[in-house]
Amino acid sequence: MPEAREAPQNPLHERYASAEMARLFSARHRFRSWRRLWICLAENQAALGLPISGQQLDALREHADELDLERVAQLERETRHDVVAHLRHFAEVSGDAGSILHLGATSAFITDNTDALIVREALDLVAGRLAATVAALAAFARRERSTTALAYTHFQSAQLTTLGKRACLWLQDFLTDLKEVADRRDRLRCRGAKGTTGTQASFLTLFGGDHGKVRELDARVASALGFEASWRITGQTYPRKQDSQVLHTLSGAAESCHKFGSDLRLLQGVGELSEPFDENQVGSSAMAYKRNPVRAERMCSLSRRIMSDSLHGALNAGTQWLERSLDDSANRRLVLTDCFLTVDAVLLLAANIAQGLRVNEEATAARVKRELPFMATETFLMEASLRGGDRQELHERIRRHSLEAYARVSAGEPNPLIDLIAGDPSFGLGSDELESLVDADSFTGRSAQQVDDFLAEAVEPALALHPAAAVEAPRV
C-alpha cells in the first residue's frame, strides 16, 4: 500500500479555536446529526400514518451511535456520494429498520437541516463568547470610569476623556454584535421536508395526495428540530441568503474585535494601556525587553480573515442557478466552518485581553499633564478677556505661545505654555491663577456619568439576557 499522506497543519484547529467550537464542526457531530434527522423524519412520518412500526423506530434509535467512519469511507469510495454512503451504513446496522430510512427525502434534507442545526449551536457559543467580552469590558469601564486620559482624533492629541468612557466605545460595538447574533439565531430557519426541488411532490405521493399531512410533516420536523418554522419556499436547498446573513453577523463581531485590537495596539505603543503579559512570556527572541501586543495582533489578523471570508456568503447566494447549482457547495463547506472557528478564536482573545487590561497610570497622567495646557487655552482666553483684555489680540498671542510650546514639547521638553502666558503682561494672569484653571476633571465633561448610564441602561440588561460564559484562556 502507498504510504499514507501526513495530515497537513491546520492552525484553526491546533492553535486558535476552542475544543467546543471544533466539536460542533467535527465529522462525528455532523454525521450523528444526520442520523438524528433520519430518525426525526421517520418518527413524524409514522405519527402521520405511514407504515413504519414502533419496532423499526426503536431499532433506529438503538443503533444511532453505531457510526463506523472507516466503513462510511469505503462506501463513499464505491458510490462517490457522501449522503448515500452514510445512509447505506445506517441501514446496514439497523437491520429491517433500514428499509424505511430517507422516505421522500433528498440529500439536502439531511445536509441543509444539519447545517441549520450546527449554525444554531455555533451562534449560541458565539453569543456566550460575546457576553464574556462584554462582561470583562464592563468591569474595566466601571473600574476606570473617572480615570482621566487623553482622547485622540487622527491619533493626534484632542480633548480629554476617561478610560471608562473609551472602553464604552468598544463595549457598544460588542453589544451591537451580541444583539445581532441573538436575533440572527432566533431568525434561523431549517429547510424542513421539501423534497427534491422544494415542491414536496415525493411527500405528497407518500401521503396519497393529502396536502394537509404534507404541510403537517414539514411543520412537525421543524418543531422537532427546535425551529420556529422551516423556510416556506425552497429550491433544492434552503436559501443561501441565510448563510450570507450569518456570515455578515460573524463579520460584524470581527470588525469590533479588530477595532478593539487596533486601539489597544496604539495605546500600548504610547505606553498608556497594555494587554496581559504572562510572568514567563517572551516578547522577542532577540530583544529581551520587548512586550509586544501579540494577542491583539493575532486578534486583528484573524479578524481580517473573517471579514474577507464572509464575502463568500454573498457570492454563494448570488451565484445559485434556479432551483440549485453546486457553485456554493465546496466553498461553503470551507467558509462556514472556518469563519465560525475563527470568530471563536478572536472572541476568546477579546475576552482574555479585556479581563487582563493593564493601565499605566503614570504614563497616562503624564500625557494628560503635558497636553492639558493646550486644552485650557480657551479658558485662559475667556478669563483674560473678562479682565479687560482685547479678545482678538489675546487670541493671536495664545496662538503664537501655543505654537512655541508645541515645538518644545515635540522636542521632548516639558510644556512651557503656562509659563509663557504668565510672562505675557497682556493676559494679566499669574502662574498660580493659570494652574488653578487647569483642572483635568473639568475637561472630561460627562464621561464618568456616561459610563454609569451606559452600564446601567444598556450593558446590565443585555448581560441579564446573556449570562457571560466562562472564558478559557487562549494559547499565545
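Structure shown above.
Here's what I pulled together on the structure shown here.

Considerations on helix 4 (residues 54-62)
Okay, step 1: Of all the residues in helix 4, the buried ones are Gln56, Leu57, Ala59 and Leu60. Projected onto a plane normal to the axis of helix 4, the buried residues spread over an arc of 160° and lie on a single side. Along helix 4, exposed side chains directed more than 90 degrees from the buried face belong to Gln55 and Glu62.
Okay, step 2: Looking at the buried side of helix 4, the elements it contacts are helix 3 (27-47) and helix 6 (82-94).

Details of the packing of aromatic side chains
Okay, step 1: With the rule as written, the count across this model stands at 7 aromatic pairs.
Okay, step 2: Ring centres of tryptophan 170 and phenylalanine 260 lie 4.9 Å apart, and the angle between their planes is 50°; on these two criteria the pair is classed as tilted. Taken together, the residues tryptophan 170 in helix 8 (residues 163-187) and phenylalanine 260 in helix 11 (residues 241-269) connect sequence positions 90 residues apart.
Okay, step 3: Classification of tryptophan 170 as buried rests on a relative accessible area of 1%.
Okay, step 4: Phenylalanine 260 sits in the buried class, given a relative accessible area of 0%.

What to know about the side chain of asparagine 113
Okay, step 1: Tracing the chain through its elements places asparagine 113 in helix 7 (residues 107-143).
Okay, step 2: Judged by relative accessible area, asparagine 113 falls into the buried class, the value being 0%.
Okay, step 3: Within polar-contact distance, the side chain of asparagine 113 engages the backbone nitrogen of arginine 191 at 2.8 Å.
Okay, step 4: A distance of 2.9 Å separates a polar atom in the side chain of asparagine 113 from the backbone nitrogen of glycine 192.
Okay, step 5: Residue contacts for asparagine 113: discarding those within four places in its chain leaves Leu37, Ala108, Cys190, Arg191, Gly192 and Leu225.

Things to note about the pairing of strand 1 (residues 148-153)
Okay, step 1: Within strand 1, 5 of the 6 residues are buried, leaving the element largely enclosed by the surrounding structure.
Okay, step 2: As defined by bridge partners, strand 1 adjoins strand 2 (residues 156-162) across 5 bridges and the pair is classed as antiparallel. Among the inter-strand pairings, threonine 148 is bridged to a residue of strand 2, identified as threonine 162.
Okay, step 3: Where strand 1 hands over to strand 2, the hairpin turn is made up of 2 residues, of which histidine 154 adopts a positive phi near 60°.

So, empty space enclosed by the protein
The gaps left among the atoms become clear once a water-sized probe is rolled over them.
Okay, step 1: As enumerated under the stated definition, the model contains 1 cavity of 30 Å³ or more in all.
Okay, step 2: Empty space within the largest cavity amounts to approximately 30 Å³.
Okay, step 3: Around the largest cavity sit Phe31, Trp34, Arg35, Trp38, Leu67, His86 and His89, which together line it.
Okay, step 4: Counting residues per element, the ones that place at least two in the lining of the largest cavity are helix 3 and helix 6.
Okay, step 5: Counted by class, the lining of the largest cavity contains 4 nonpolar, 2 polar and 1 charged residues.

Considering helix 5 (residues 69-79)
Okay, step 1: With a side-chain oxygen lying 3.1 Å from the backbone nitrogen of glutamate 70, the N-terminal cap of helix 5 falls on aspartate 68.
Okay, step 2: Directly beyond the C-terminal end of helix 5, a positive phi value near 55° is found at arginine 80.

Observations concerning unusual backbone geometry
Okay, step 1: Notably, arginine 80 is not glycine yet its phi reads approximately 55°, a positive angle.
Okay, step 2: Counting through the fold element by element, arginine 80 comes out in the loop between helix 5 and helix 6.
Okay, step 3: The phi dihedral of phenylalanine 155 falls on the positive side, at around 55°, and the residue is not glycine.
Okay, step 4: Among the structural elements, phenylalanine 155 can be located in the loop between strand 1 and strand 2.
Okay, step 5: Note on phenylalanine 155: relative accessible area 38%, which makes it partly exposed.

Brief notes about the pattern of salt bridges
Okay, step 1: Applying the stated criterion across every chain yields a total of 36 salt bridges.
Okay, step 2: The partner of arginine 240 in a salt bridge is aspartate 112, and the shortest N-O contact between them spans 3.0 Å. One end of the pair, arginine 240, is in the loop between helix 10 (211-224) and helix 11; the other, aspartate 112, is in helix 7, and 128 residues separate them in sequence.
Okay, step 3: By relative accessible area, arginine 240 is classed as buried at 5%.
Okay, step 4: Looking at aspartate 112, the relative accessible area reads 2%, which means it is buried.
Okay, step 5: Salt bridges sharing common partners tie together Arg30, Asp115, Asp243 and Arg332.

Criteria and thresholds
- Residues numbered from 1 in each chain as written.
- Predicted model: local features only at pLDDT ≥ 70, side-chain atom pairs only at ≥ 80, totals over all residues.
- Heavy atoms only, no water.
- Buried < 20%, exposed > 50% of the residue type's maximum accessible area, 1.4 Å probe, protein only.
- Helix = DSSP H or I, 4+ residues; strand = E, 2+ residues; numbered from the N terminus.
- Arc of directions from axis to C-beta.
- Contact = heavy atoms within 4.5 Å.
- Phe/Tyr/Trp six-rings, centres within 6.5 Å; stacked < 30°, edge-to-face > 60°.
- Polar contact = N/O pair within 3.5 Å; in protein donor to acceptor, adjacent residues only side chain to side chain.
- Pairing = 2+ DSSP bridges.
- 1 Å grid on protein atoms, 1.4 Å probe; cavity = no way out; pocket = protein on both sides within 12 Å on 5 of 7 lines; lining within 4 Å.
- Points joined across faces, edges and corners; volume = space filled by probe spheres on them.
- Nonpolar A, V, L, I, M, F, W, Y, C, P; charged D, E, K, R; others polar.
- Salt bridge = Lys/Arg side-chain N within 4 Å of Asp/Glu carboxyl O.

It is worth stressing that arrangement in space is one thing and function is another; only the former is reported here.
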